[in-house]
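Results of the structural survey
Chain residues, written in single-letter form:
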Amino acid sequence: MATAVHYAVLTLNLRMLGVPSAGVANFVAAWFGIGASFIGNRFFVFPRRTAPVVRQAVRFLALYATMASLHGLLLFAWTDVLHLDYTAGFVIAAALQAMLSYLGNKLFVFTAS
């Protein structure tokens, strides 16, 4: 769901708002996806984790800021430098992000303590 939110805002930025850079449009869109991801992970993926929400949010933001930067750099290189289709670049970056997200959330953010 978070990826769908991210992609929808990315497409809105590029096609309707006319943001000229896929990298910039993706950076903005990433924050919408990050918000949706935190809600989904906290309440649905890892609901039995009892660590304080503030600690989880700080760790989550650190993890996702790193992943958003990687995602944005990949999409910038793919689309703006190599002039390839942003959708294909987004799919590749999202697959990498999904793997990093699950591992990072399980091992670092939503830990039992």
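Residues numbered from 1 in each chain as written. Predicted model: local features only at pLDDT ≥ 70, side-chain atom pairs only at ≥ 80, totals over all residues. Heavy atoms only, no water.

Comments concerning helix 4 (residues 86-109)
Taking 1.5 Å per residue as the helical rise, helix 4 with its 24 residues ought to reach 34 Å, whereas the 30 Å between its terminal C-alpha atoms falls clearly short. Those residues of helix 4 that are buried lie in contact with helix 1 (2-16), helix 2 (22-45) and helix 3 (53-81). The opening residue of helix 4, the one whose side-chain oxygen lies 3.2 Å from the backbone nitrogen of T87, is D85. (Helix = DSSP H or I, 4+ residues; strand = E, 2+ residues; numbered from the N terminus. Expected span 1.5 Å × (residues − 1). Contact = heavy atoms within 4.5 Å. Polar contact = N/O pair within 3.5 Å; in protein donor to acceptor, adjacent residues only side chain to side chain.)

Things to note about the packing of helix 3 against helix 4
With their axes 9 Å apart at the nearest point, helix 3 and helix 4 run at an angle of 160° to one another. It follows that helix 3 is roughly antiparallel to helix 4 by the angle criterion. Pair helix 3 / helix 4 crosses with right-handed handedness. In terms of residue class, the contact of helix 3 with helix 4 is made up of 17 nonpolar, eight polar and two charged. (Axes fitted to C-alpha atoms, helices over the stretch in contact; angles between N-to-C directions. Parallel < 35°, antiparallel > 145°, perpendicular 65-115°, else oblique. Left-handed = near helix turned anticlockwise from the far one by under 90°. Nonpolar A, V, L, I, M, F, W, Y, C, P; charged D, E, K, R; others polar.)

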